[in-house]
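Coordinate inspection notes
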Amino acid sequence: MKMQRRTFVASLAALPLAAPALARGAGPRVTVVGAGYGGASFIRTLRRLAPEVEITVIEQTPRFHSCPFSNGVIGGLWDGDRISFEYDGLASTGTRWASGAAVGFDPATREVTLEGGEVVTGDYVLLSPGISLNFAAIDGYSPEAAEAMPHAWQAGSQTGLLRRQLVEMEDGGTVVVAIPRPPFRCPPGPYERISLIAHYLKAAKPASKIIVLDAQDGFSKQGLFEECWAALYPGLIERIPGAESGEVEAVDPATMRVSTAFDDITADVANVIPPQRAGALALDAGLDGGIGWCPVDPVSFESTLAPGVFIIGDAAIMGEMPKSGFSAAQQGSACAAALAARIAGDDPAPRKLINTCYSLAAPDWGFSVADVYAQTADGIAAIRPGGGTTPLGADADTHAAEARYANSWFDTLTSQLWG
Amino acid sequence: MSGHHRLAIATLAVALGPLSALAGPGDADGAALAVACFSCHGPEGRGGGEIPALAGRDAGEIARQLSGYADGSIPGTIMPRLAPSYTGAEVTALADWFAEVAP
């Protein structure tokens, strides 16, 4: 591995513009917390643009489990291996990997404290910590309760648990899916999940039903989902929107009861997705300014509260860009370019960023929202006209093509980030 | 941007090829724009399964395709929604950048 990096550095050194930077010797130290879609993309891009930088990575999980495509595991389209990736490929890009999870961060000194007590310092820090789940927002819900009523909103063991519960459920069972108020990770994600659970139940347990208890009234790609549900899963999905007291207020894992202000439902399988906030490390450090999500400069993604600290992905407030893995990866490469410019003494240049969120409502029924976003000093906004979702009433060939593209996108991006 | 500056950058951009993060023709930065495409079209646009490769294709062909998506004359799934958000100069810069990448 070291050879590859040396070769790459040597080839860059041959370029006239890169030579002065390399001549300085050891470059600045950058600490990266979180090697998901945002962090991995940042690392790859920074390594390419500023090879002199020393990168230390802090990642709490031994393997990466992707939230994108995890609904396919739950619906039985593929097994958990499809969404599970080693960090070896990323680690072999000439980064130092700290051992263990980050348990504390001091924005003033940019010191990250690990659970073993080690302290990692850097000239710059990139936080891509994802979300934290606000269990306390639902009475009776907790990490322990989630072992009986999985959220499966952070992929991994929870994903497998929800799949097993569906497989073990008897035909005629009731599956409850509880959806929180926005903002949350992956706006169309809960509805894709409902679709793929319905796909599984329709084939394997057709007397079963899905009750959706939704804190939201309208939702992402609503017309496209409802079009598919009417065509493929009639009578299988019953949704209670927020205006009809759909929001879940309490759960009891002992009796599998899920309660709204209006009703109590006993579930055979309960998928309880709680409200969300920025990842705990950012929250505990006060980088959300008390509002749950972290404000950042829209061009550099530097925290507006802590100089030298950059925050990307679901944890940050990114204007009109949704909280998606696709968005986080785009922000990761843009943030790396901004930091490389800063290190070189230049101002970061605004970019155009893309988000294309695919949803699979069945294995061969895909659709998407696709937008280009402009970074400006005022924020990140979708460029209009242009952008938007797959049109309603699209034919089967279009949905089948979008499903193939979704699969291609996932395999292409994940192989670039962790391959 | 002054004429001298533009000429210097153009010269460097030719010298450095696609690795460069410098501006290409028409002031649009093809390299910076192209990064956003890699998530689907593969690293440096070298292809991603069902999604076509862009690397090494004729610049005029790429530009015509993007313009066709933007004005609705070429049908598609994703690209008719993305293409209208790029200016003519950006389309040219993207096409030129991908054309220079070895497939």
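What you see is a predicted model, and the numbers here were worked out from it, not measured in a lab. (Residues numbered from 1 in each chain as written. Chains lettered and ligands numbered in written order. Predicted model: local features only at pLDDT ≥ 70, side-chain atom pairs only at ≥ 80, totals over all residues. Heavy atoms only, no water.)

**Re the overall build of chain A**
Under the convention used in this document: Counting from the N terminus, the helices are DSSP H or I runs at least four residues long and the strands are E runs at least two residues long. Only C-alpha atoms enter the radius of gyration, while the globule expectation follows 2.2 Å times N to the 0.38, with N the number of residues. Burial here depends on accessible area, computed with a 1.4 Å probe over protein chains only, as a share of the maximum for the residue type. Under 20% is buried, over 50% is exposed, and the range in between is partly exposed. Any two residues whose heavy atoms approach within 4.5 Å at even a single point are treated as in contact. Values of accessible area rely on a 1.4 Å probe in the Shrake-Rupley scheme; residue burial ignores everything except the protein chains shown. In this tally Asp and Glu are treated as negative and Lys and Arg as positive; neither His nor the chain ends contributes. In plain terms, the charge of a residue is placed at NZ if it is Lys, CZ if Arg, CG if Asp and CD if Glu.
The secondary structure content of chain A amounts to 11 helices and 25 strands. Taking 2.2 N^0.38 as the reference for a compact globule, 419 residues should give roughly 22 Å; the C-alpha atoms of chain A span a radius of gyration of 22 Å, in line with that estimate. If you line up chain A on its principal axes, its C-alpha atoms span 70 × 50 × 40 Å. Residues counted as buried form 58% of the 419 residues belonging to chain A. Expressed as a percentage of contacts within chain A between residues at least 6 apart in sequence, the contacts between residues at least 24 apart total 66%. When the accessible surface of chain A is totalled, it reaches about 16,000 Å², and 52% of it is carbon and sulfur. Between the averaged position of the 30 positive side-chain charges in chain A and that of its 46 negative side-chain charges there is a distance of 8 Å.

**Quick notes on the domain arrangement of chain A**
Frequently, the measure chosen for interface size is the accessible area that the parts lose on association. Residues and elements named next belong to chain A. Filter applied, for reference: Note that domain bounds follow an automatic or database assignment of domains. Once two parts are put together, the accessible area they lose, assessed with a 1.4 Å probe and summed over both, is termed the buried area. Only one rule defines a salt bridge in this text: a Lys or Arg side-chain nitrogen within 4 Å of an Asp or Glu carboxyl oxygen.
Considered domain by domain, chain A is made up of domain 1 (2-60 + 100-132 + 277-348) and domain 2 (137-275). Using only C-alpha atoms to locate each centre, domain 1 and domain 2 end up separated by 35 Å. Facing the seven residues of domain 1 at the interface are eight residues of domain 2. Of the roughly 580 Å² buried between domain 1 and domain 2 on both sides combined, carbon and sulfur atoms contribute 56%. Ranking the residues of domain 1 by area buried against domain 2 places Ile131, Trp293 and Lys323 at the top, with a combined share of 69%. Put simply, domain 1 and domain 2 have one salt bridge between them. Asp314 is the partner of Arg185 in a salt bridge, and the nearest nitrogen-oxygen pair spans 2.5 Å.

**Looking at empty space enclosed by the protein**
Selection rule: With a 1 Å grid spanning the protein atoms alone, the term cavity applies to any set of points in which a 1.4 Å probe fits but cannot get out, the term pocket to an open set with protein on both sides within 12 Å along at least five of seven lines, and the term lining residue to any residue with an atom within 4 Å of a point. Grid points are joined across faces, edges and corners, and a volume is the space filled by probe spheres set on the points. Classification used: nonpolar for Ala, Val, Leu, Ile, Met, Phe, Trp, Tyr, Cys and Pro, charged for Asp, Glu, Lys and Arg, polar for all others including Gly.
Within the structure shown, the criterion is met by two cavities of 30 Å³ or more. Roughly 40 Å³ of volume is contained in the largest cavity. Along the walls of the largest cavity sit A:Gly313, A:Asp314, A:Ala316, A:Met318, A:Met321, A:Pro322, A:Lys323, A:Ser324, A:Ser327, A:Ala328 and A:Gln331, which together make up its complete lining. The element best represented in the lining of the largest cavity is helix α10 (residues 325-343) of chain A, accounting for three residues. Residues that form the lining of the largest cavity fall into these classes: five nonpolar, four polar and two charged. Considered as a void within the structure, the second largest cavity measures approximately 30 Å³ in volume. Along its surface, the second largest cavity is lined by A:Gln330, A:Ser333, A:Arg351, A:Lys352, A:Leu353, B:Ala32, B:Val35 and B:Ala36. Here the residues of the lining of the second largest cavity are counted per class, giving four nonpolar, two polar and two charged.

**Examining helix α6 (residues 88-100) of chain B**
Selection criterion: Residue count minus one, scaled by 1.5 Å, sets the expected span of a helix.
For α6(B), spanning 13 residues, the distance from its first C-alpha to its last is 19 Å, which sits close to the expected 18 Å at 1.5 Å a residue. For α6(B), the complete set of buried residues consists of B:Glu90, B:Val91, B:Ala93, B:Leu94, B:Ala95, B:Trp97 and B:Phe98.

**Some points on the nonpolar core**
Residues and elements named next belong to chain A. So the rule is basically this: Joining through side-chain atoms within 4.5 Å is the link that ties buried Ala, Val, Leu, Ile, Met, Phe, Trp, Tyr and Cys residues into a set, and such a set is a nonpolar core.
One finds Phe42, Leu46, Ile210 and Leu287 to be the most contacted residues of the largest nonpolar core, which totals 158 residues. When residues in this core are grouped by element, the largest group, nine residues, is from α10. Each of domain 1 (2-60 + 100-132 + 277-348) and domain 2 (137-275) gives at least three residues to this core. Not counting chain neighbours up to four residues away, the residues in contact with Leu46 comprise Val30, Pro51, Val53, Ile55, Ala336, Leu339 and Ala340.

**Digging into the sheet that holds strand β16 (residues 264-266) of chain A**
All names here are of chain A. Rule in force here: Strands are labelled as partners when DSSP assigns at least two bridges between them. Simply put, an axis is a line fit to the C-alpha atoms, just over the touching stretch for a helix, and the angle between two N-to-C directions goes from 0 to 180 degrees.
Here three strands make up an open sheet; going across it, the order is β14-β15-β16 and the pairing antiparallel. Two strands close off the open sheet at either side, each with one partner strand: β14 (248-252) and β16. Neighbour-to-neighbour, the strand axes of the sheet open up by a mean angle of 20°, direction not taken into account. The pairing of strand β15 (residues 257-260) with β16 spans three bridges and is antiparallel.

**Observations regarding the side chain of A:Asp288**
All names here are of chain A. Looking at the secondary structure, you find Asp288 in the loop between α9 (280-284) and β19 (294-295). One buried charged side chain, Asp288, makes no salt bridge at all; its nearest oppositely charged neighbour is Arg277, positioned 6.8 Å away. When residues no more than four places from it in sequence are discounted, the contact partners of Asp288 are Ala282, Leu283, Trp293, Cys294, Pro295 and Leu305.

**Notes on the interface of chain B and chain A**
How we decide: Think of a polar contact as two N or O atoms within 3.5 Å of one another; within protein, one of them needs to be a possible hydrogen donor and the other a possible acceptor, and neighboring residues in sequence only count if both atoms come from side chains.
Listed by partner, the interface residues are 26 residues for chain B and 35 residues for chain A. Between chain B and chain A, roughly 2,600 Å² of surface is buried when both sides are summed, and carbon and sulfur atoms account for 64% of that area. The interface formed by chain B and chain A includes three salt bridges. The partner of B:Glu90 in a salt bridge is A:Lys352, and the shortest N-O contact between them spans 2.5 Å. Between the two partners, chain B and chain A, sit 13 residue pairs in polar contact (both at pLDDT 80 or more). Counting only elements with at least two residues in the side of chain B that touches chain A, the list comes to α1 (3-16), α2 (30-35), α3 (38-41) and α5 (79-82) of chain B. Tallied by class, residues from the side of chain B that touches chain A come to 16 nonpolar, seven polar and three charged.

**A look at the packing of aromatic side chains**
Here a ring pair, both rings aromatic, is described through the centre-centre distance and the interplanar angle of the planes. All names here are of chain A. To keep it simple, the criterion reads: Two aromatic rings from Phe, Tyr or Trp, using only the six-membered ring of Trp, form a pair when their centres are within 6.5 Å; if the ring planes differ by under 30 degrees the pair is stacked, by over 60 it is edge-to-face, and anything between is tilted.
Applying the stated rule across the entire model yields 22 aromatic pairs over all chains. Between Phe85 and Trp418, the ring centres sit 5.6 Å apart and the planes meet at 20°, which makes this aromatic pair stacked. With Phe85 in strand β4 (residues 84-85) and Trp418 in helix α11 (residues 396-418), this pair connects stretches of sequence that are 333 residues apart. For Trp418, a relative accessible area of 4% translates into the label buried. Ring geometry for Tyr358 against Trp409: centres 6.4 Å apart, planes inclined by 40°, an arrangement best described as tilted. Of this pair, Tyr358 sits in strand β22 (residues 352-362) while Trp409 sits in helix α11; the two residues are 51 residues apart in sequence, bridging distant segments of the chain. Accessibility expressed as a relative area gives 12% for Tyr358, which makes it buried.

**Here we look at the environment of A:Ser132**
Residues and elements named next belong to chain A. With respect to the helices and strands, the residue Ser132 is situated in strand β10 (residues 131-133). Using a relative accessible area of 14% as the deciding quantity, one classes Ser132 as buried. Non-local contacts of Ser132, meaning those with residues more than four positions away in its chain, are made with Gln154, Pro275, Gln276, Arg277, Ala278, Gly279, Ala280 and Leu283. There is a polar contact of 2.7 Å between the side chain of Ser132 and the backbone oxygen of Ala278.

**So, the pattern of salt bridges**
In this structure the tally under the stated criterion is 14 salt bridges over all chains. Its salt-bridge partner being B:Arg46, residue B:Glu44 comes within 3.3 Å of it at the nearest N-O pair.

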